[in-house]
Amino acid sequence: MRYISTRGEARSVDFEGTLFSGYAPDGGLFMPQEIPTLDCNTLRTWSAFSYPELVKELSSLFISSELIPRKELNDLIDSAFRRFRHKNVVRLARLKNGLNVLELWHGVTYAFKDLSLSCTGQFLQYFLKKRKKHVTILVGTSGDTGSSAIESVRGENNMDIFVLLPKDLCSQIQELQMTTVIEENVHVFTAHGNNDEIEESIKELYVDADFARQHNLMSLNSINWSRIMVQIAHYFYAYFQCTPSMDMTPLPAVEIVVPTGAGGNITAGYIAQKMGLPIQLVAMVNNNDIFHRAIQHGDFSFSGSVKPTLASAMDIQEPYNMERILWLLSDCDGSVIKTLMEQFYMSKNLTLPEELHRKLSEALSSCSASDEDIVQAMRRCWEDNCYLLCPHSAVAVHYHYKQLDYHLSNRPRCCLASASAAKFPDAVLRAKLVPEVPPEIQALKVMETRSTTLRREDNWAKTLRDRIEAIAKCRHTKVEFV
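Each chain carries its own residue numbering, running from 1 in the direction its sequence is written. Where totals are concerned, whole chains, interfaces and linings use all residues; where local detail is concerned, this predicted model gives features only for residues with pLDDT of at least 70, and gives and counts side-chain atom pairs only at 80 or more. To get the side-chain values, take all heavy atoms of the structure and skip hydrogens and water.

Per an unreviewed UniProt entry, the protein chain goes by Threonine synthase-like 2 and derives from Platysternon megacephalum. UniProt positions are given in the numbering used here, feature names are shortened, and annotations may be inferred rather than shown by experiment. Its UniProt record gives the protein chain a comment under Cofactor (unreviewed entry), which states: "pyridoxal 5'-phosphate".

Visitor: For this particular structure, what's the right way to read the overall build of the protein chain?
Guide: Of the regular secondary structure elements, the protein chain holds 20 helices and 13 strands. Both definitions apply: the radius of gyration is a C-alpha atom measure, and the globule rule equals 2.2 Å times residues to the power 0.38. Relative to the 2.2 N^0.38 estimate, which gives 23 Å for 482 residues, the radius of gyration of the protein chain is 21 Å and therefore close to what a compact globule would have. Each principal axis of the C-alpha distribution contributes one length, and for the protein chain these read about 70 × 45 × 45 Å. Here the protein chain holds 482 residues, and 61% of them are scored as buried. Whether two residues are in contact is decided by their heavy atoms, any of which lying within 4.5 Å being enough. Sequence separation of at least 24 residues holds for 75% of the intrachain contacts in the protein chain that already meet a minimum separation of 6. Under the scheme used here, helices are H or I runs from DSSP no shorter than 4 residues and strands are E runs no shorter than 2 residues, and both carry numbers assigned from the N terminus. The classification of residues rests on relative accessible area computed with a 1.4 Å probe and restricted to protein chains. Under 20% of the type maximum is buried, over 50% is exposed, and intermediate values are partly exposed.

Visitor: Explain the sheet that holds strand β3 (residues 91-94) to me, please; I cannot follow it from the model alone.
Guide: Sheet strands pair via backbone hydrogen bonds, and the direction of the pair is either parallel or antiparallel. Ordered in space as β3-β4-β12-β9-β10-β11, the six strands form an open sheet in which the pairing is mixed. If you trace the sheet from one side to the other, it starts and ends with β3 and β11 (364-368), each paired once. Sheet twist, expressed as the average angle between the axes of neighbouring strands with direction ignored, equals 25°. DSSP bridges decide pairing: two strands pair if at least two such bridges lie between them. Where β3 lies against strand β4 (residues 100-103), four bridges are found, and the strand directions are antiparallel. Residue A93 lies in a different strand from β4, and its bridge partner there is V101. Angles shown run from 0 to 180 degrees and are taken between the N-to-C directions of axes, each axis being a line fitted to C-alpha atoms and, for helices, limited to the stretch in contact. Sheet strands touched by helix α10 (residues 225-242): β3, β4, β9 (254-259), β10 (279-285) and β12 (413-417). Its angle to β9, the strand with the most contacts, is close to 135°. Running over the sheet, helix α12 (residues 290-297) touches β10 and β11 and is turned about 130° from β11.

Structure, rendered in structure tokens:
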């Protein structure tokens, strides 16, 4: 399996090449040259698999056995899931009125990103030990990515990770999960700005090819294909758990509702659909609704500044993974995507071509939820089921209740739950409910913290660059001394 850029001008790479990259050299995102398709017999066989088994099967389609032999791949994935609290890694909650909630948050940081990042961390270590090299990881986070990325690499001497988080725009617990980590290879920056501004600074370092090469820069955001790949398993597992039958021909469709920010998770869902899984996808957004407007009206444009919401990890106006979806819909035409995305990033304004918009609206549905919608969904779910939702998961559940109340659809449906309510006590209180905070999260509040402040007037890219160079120099001095 080879990987090519969505903009068509970078040379192809293997899985190891895309794992250790950020953006492709031409500014695009890496994607598989071919999407494998599965027949009904394969789907019926897979329907009996556990979640870890599905991750193994799917990963083996995208990682050649020459790079990672199958037995070693299986061992890496088993190691990745060893720290998860639930015996099945993920859990489906079957609630009243046909509400199915797939809990993807049983990892160390109580967020769905633990699933893909724990695997990605194992893949990284596998290659780093073989190649005897060091990497510098850059991560911008709107909430959960930073802590999950840190947990996947903390304490490793062949990696340094630099995490930028937006000050006061994450929950207190999300921030503490990053700033209380004091291992030497973890470097946390608190920026006076939003997630999109953070991403711009990070991208500035990637486009400096010499600097990126010198320091082996790579990303653990959903820019990284490995994260998308692992997340494909969410959709297969959700389908097999929620489908009414695997014996029908054709197989019945299941609707999967996806809280959507940067778009990595919904991209994984669309790839699962392309592979032959009979799912219908709904991208759910908060008041930062660029994804929704693109699907509904072909309007992929900024609508002013980022709006802070209760679902803070989704407060994104620049969902970079839309580029991957548009690339697939354009029949993998890199020149078309290059033109469109350069226009978008230059002007922050893009009207999708009519044919591309038609394909997008046929592939995905979408809906938006206000803070009031989020609060109401959290309250209703508790009143009906004594079940606490995080505000991001409530965005998806709002869609289910809307369909239920207006008798819009009775097809089987699964709502993806991206984080535990334990991480968002303020939102739980806003819904007039009582937070349930596990001891390990409560303990964060009395732990030592460490981070570097990035003021709005600072040159964030320069500060990052200087720190990376200083740490590299220090590391080389230690090696020489030894």
